[in-house]
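A look at the structure
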Amino acid sequence: MVARWVGFGLALVVSVAVGLIAVRGGMKSGAPQEIEGYASWDPAVVEIADRVPVQSGGRVKPLKTRAGFLMLQLHGARSMKIVSRGEEGAEKLRIGPTEWLLDLLFRPDLAMQLPTFRIDNSDVLKTIGIEAKGRRDRYSYQELSAGFDRLDAWAQKVQRRSQGNPDFKMDREEQELSSLWQNLKAFQGMLGTLEFARGGVMEEALADDVDEEAAASELNTASYWIGVMPDLRQRLAHSAAHGEEKVPDGILYAIRRVEQLLYRAYGGLEWLPPYSPEGETWMSLGRRAGELIQDPDPAHWQLLTRDARNMEELVEAYRSGPDAFATRLEAWRADLAARAAERGEGRMVDSEVTYYERNYFLNALVFFLLGFLLAALGWLSPHTRWGKVCLLY
């Protein structure tokens, strides 16, 4: 009997030790990264954002799920710990997936300081000229930025090597570099989702053609130029074909600027439902705009203009404070949910959020482990009443 208890105790100690080593050995231990001026999101805003419908992997799902899987892909976990340093001192904070994605969308300057990228092999960083903190650690976008050019050059080189070579295979380090490159592109895409709405279209280059009053009006918004883009394209083509008067440089600049911003938004959040009933794919604003380049339907361009304006109003509301932002975000969520419902999609968005909040799997795992331990005690003492019960079941 004593031998059985000793064996059980040793097995339990070994299991716990292996688990701790697996958890702690993967990452370098150390203090959480400090982010100056970081403020937690208002809980009401997070609750609304959780339920914003988006599409990923061919399925309409809540933003909370999309953010969770993307954060897991880049960060290796569905949460991160930081220290916010402000006028009142330092405060330890835990950032969840939705808060993290909200940072990318609305607070890019802070998002680029977060330790988002998990690097398991420091040799990867040496290849692109980045000084490593340790064998394994997490890095911010800013910390990796010095290696972007080398990483892009490496990616282009690998692409050339792989073209026309069906037997091409990357070694382990090349696979890790490829994974880092893809993760950085995914991060950049999310950063670009609302870039068109954060800054005005009119800049110093327009000073000669547009007065200050116009620069402060709707002419300074990307949504205005998206709305007039089909007509402007036709006029530009007609002017070039017939040698008519040159279009003002300011107008040409505005068009190119908007096209640039839409390109940066191409890899952004997929939260715009199709504009036609037969469409199936939800897209970012940039990708939807690219789709409409060859689409002559003015109704689709009106929808794109309306969506762009709604996103600009989201950014404006964020700058106005949490109450205004929560109200505008709820209106945007309700609009997307209604459009999804018209297509027979998104019916499970709210229940999916509830499922993740209640965490049925983790709770069930706790009861499973408790039951296993109780059963193990019965196996170790088969002649007791409890042991006989365990043997029967």
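As shown above, the structure is provided for reference.
Residues numbered from 1 in each chain as written. Predicted model: local features only at pLDDT ≥ 70, side-chain atom pairs only at ≥ 80, totals over all residues. Heavy atoms only, no water.

The next point concerns the overall build of the protein. Looking only at helices and strands, the protein features 19 helices and seven strands. With an accessible surface of roughly 22,600 Å², the protein has 54% of that area assigned to carbon and sulfur atoms. (Helix = DSSP H or I, 4+ residues; strand = E, 2+ residues; numbered from the N terminus. Areas by Shrake-Rupley, 256 points an atom, 1.4 Å probe, with all protein chains shown as cover.)

With that settled, consider a nonpolar patch on the surface. On the surface, a nonpolar cluster with roughly 370 Å² of combined accessible area is contributed by Phe69, Leu72, Tyr355 and Tyr356. Elements that contribute at least two residues to the nonpolar patch include exactly helix H3 (63–75) and helix H17 (349–358). Residue placement: tyrosine 355 occurs in helix H17. Take tyrosine 355: its relative accessible area is 42%, and that puts it in the partly exposed class. (Patch = residues over 30% accessible without salt bridge, like charges linked within 9 Å, V, L, I, M, F, W, Y side chains within 5 Å. Salt bridge = Lys/Arg side-chain N within 4 Å of Asp/Glu carboxyl O. Buried < 20%, exposed > 50% of the residue type's maximum accessible area, 1.4 Å probe, protein only.)

Within this structure, the stated rule accounts for 23 salt bridges. As a salt-bridge pair, aspartate 103 and arginine 107 come within 2.8 Å of each other at their nearest N and O atoms. No difference in accessibility class separates aspartate 103 from arginine 107, as the two residues are buried. Via salt bridges that share partners, Arg309, Glu312, Glu313, Glu316 and Arg328 belong to a single interconnected network.

A few words on the sheet that holds strand S4 (residues 80–86). The sheet built from three strands is open, its strands ordered S1-S4-S5 with mixed pairing. One side of each edge strand has no neighbouring strand; the edge strands of this open sheet are strand S1 (33–36) and strand S5 (89–95). Along the sheet, successive strands turn relative to each other by an average axial angle of 35°, direction set aside. Strand direction decides the pairing type here: S4 and S5, joined by seven bridges, are antiparallel. (Pairing = 2+ DSSP bridges. Axes fitted to C-alpha atoms, helices over the stretch in contact; angles between N-to-C directions.)

Along its 21 residues, helix H12 (residues 222–242) runs 29 Å from first to last C-alpha, staying within 8% of the 30 Å computed at 1.5 Å per residue. Maximum bend of H12: about 55°, positioned at methionine 229, with proline proline 230 one to four residues after it. Among the residues making up H12, those that are buried are Ala222, Ser223, Trp225, Ile226, Met229, Leu232 and Ser239. Looking at the buried side of H12, the elements it contacts are helix H10 (195–198), helix H13 (249–264), helix H14 (285–292) and helix H15 (298–320). (Expected span 1.5 Å × (residues − 1). Bend = angle between axes of the 7 residues up to and from the residue. Contact = heavy atoms within 4.5 Å.)

Don't take any of this as a statement about function, it's just geometry.
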